[in-house]
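# Structural features, examined
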Amino acid sequence: MDAGASPPNSISRVLRGTLSACRGAWHHAARMALDVALPTLCVACREPVNGEGVCANCWAKLSFIAPPLCPRLGIPFVYDPGPGLLSMEAISDPPAYGRARAAVRYDDVARTLVHALKYQDRTDLAPAMGRWMARAGRELIEQSDALIPVPLHWRRGWSRRFNQSGALARVIERQTGVKLLSGVLRRVRPTLQQIGLSRPQRASNVQGAFKVAADRQSEIQGRRVVLIDDVLTSGATVDACARALLRAKAASVDVLVFARVVDTHKAPI
């Protein structure tokens, strides 16, 4: 980069960060005022609830993922096939990352929670979602050195005001004590929304979109990292992130998400 271009870019980033922080503080204060005046409603069914935004009925509808599952992709098995047996998906199309785990299946209630966090600024949901993730990914986290959230491009971050993956990663950091490395992995070009794209289109859309910052590669080299995201669908985004981290000499890359799509029409093994 040209030496004369650095200060304006640096100032611009600082200003964007300051304005974003101010908007976030204002929004948090406004939400606190509403919480005092109005009862908290279940994010899924809109019934009054005392707690973390999910009523008992909707809690019962969440499909938590537990063993037996594919040790590589974390896809739940219908029955236990024995130790070490991989799913057909893991055998036929192995990802760049090592292992993936998810707290819940991406069903109707999980979708509502994700969309509320992502698009409706329901940051009050992040603590519960992050705790469920920490429990589901305990094995990965215990063997890791750092947490890295899947980044947004700065333009999307500006319009959305916060990164939901970062919010979840901060909760997991507090829960586990594993260090969160923000800003190490960057989305260096804007990408289309993955919704509605085919699997090949998703992979093409994020190809080359992520890069480890040159001045922070030493924080990645030789480290075992866990990528944090909200949803795993085709795996194209986390796969592209994992490739960028492995190019930066990460020792290993695992993936932890809140929800993952499980194709119930396919045999699990």
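The following refers to the structure shown. This structure is a prediction, so every number in the text was calculated from the model and none was measured. (Residues numbered from 1 in each chain as written. Predicted model: local features only at pLDDT ≥ 70, side-chain atom pairs only at ≥ 80, totals over all residues. Heavy atoms only, no water.)

### Side note on the overall build of the protein chain
The number of helices and strands found in the protein chain is 10 helices and seven strands. Scored against the burial criterion, the 269 residues of the protein chain give a buried share of 42%. Contacts in the protein chain between residues far apart in sequence, at least 24 positions, make up 74% of those at least 6 positions apart. Element-wise, carbon and sulfur atoms account for 55% of the exposed surface of the protein chain, whose accessible area totals about 14200 Å². (Helix = DSSP H or I, 4+ residues; strand = E, 2+ residues; numbered from the N terminus. Buried < 20%, exposed > 50% of the residue type's maximum accessible area, 1.4 Å probe, protein only. Contact = heavy atoms within 4.5 Å. Areas by Shrake-Rupley, 256 points an atom, 1.4 Å probe, with all protein chains shown as cover.)

### Notes on the pairing of strand 1 (residues 100–105)
A large share of strand 1 lies buried, amounting to five of its six residues. Relative to strand 7 (residues 252–260), strand 1 runs parallel, the two sharing five bridges. Bridge pairing links Ala102 to Val257 in strand 7. (Pairing = 2+ DSSP bridges.)

### A look at the nonpolar core
Core analysis: the largest hydrophobic core is formed by 39 residues, its most contacted members being Leu113, Met129, Met133, Ile172, Ile228 and Phe258. Contributions of two or more residues to this core are made by strand 1, helix 4 (108–119), helix 5 (126–136), helix 6 (138–142), helix 8 (164–176), strand 6 (224–232) and strand 7. Excluding residues that lie within four positions of it along the chain, Ile172 makes contacts with Gly130, Met133, Ala134, Ile141, Leu147, Gly177, Ile228 and Leu256. By size, the runner-up hydrophobic cluster in this structure holds 36 residues, among which are Phe77, Val206, Ala209 and Ala244. (Core = buried A, V, L, I, M, F, W, Y, C linked by side-chain atoms within 4.5 Å.)

### What to know about the side chain of Gln164
Structurally, Gln164 can be placed in helix 8. Side-chain polar atoms of Gln164 contact the side chain of Asp230, separated by 3.4 Å. Beyond its immediate chain neighbours, meaning those up to four positions away, Gln164 contacts Leu117, Lys118 and Asp230. (Polar contact = N/O pair within 3.5 Å; in protein donor to acceptor, adjacent residues only side chain to side chain.)

### Overview of helix 9 (residues 199–206)
Buried within helix 9 are the following residues: Arg202, Asn205 and Val206. Burial along helix 9 is one-sided: seen end-on, the buried residues are contained in an arc of 80°. Buried positions along helix 9 lie against strand 5 (210–212) and helix 10 (236–247). Positive backbone phi, approximately 70°, marks Gly208, located one or two places after helix 9. (Arc of directions from axis to C-beta.)

### Some words on the pairing of strand 7
Among the nine residues in strand 7, eight count as buried, and that is most of the element. Here strand 6 runs beside strand 7; their pairing, made up of eight bridges, is parallel. Looking across to strand 7, one finds that Leu232 is bridged to Arg260. A crossover connection joins strand 6 to the parallel strand 7 through helix 10; in handedness this β-α-β unit is right-handed. (Right-handed = clockwise from strand over helix to strand, strands pointing away.)

### A look at unusual backbone geometry
Residues apart from glycine generally show negative phi values, whereas peptide bonds are mostly found in trans. Note that the residue after Pro67, namely Pro68, is joined by a cis bond; omega there is 5°. Position of Pro68 among the secondary structure elements: in the loop between helix 2 (56–61) and helix 3 (88–92). Positive phi values are uncommon outside glycine, yet Asp121 reaches one of about 60°. Inspection of the secondary structure assignment puts Asp121 in the loop between helix 4 and helix 5. When its relative accessible area of 6% is taken as the criterion, Asp121 is described as buried. A positive phi angle, close to 75°, is found at Lys249, a residue other than glycine. Its place among the elements puts Lys249 in the loop between helix 10 and strand 7. Overall, Lys249 belongs to the exposed group, its relative accessible area being 56%.

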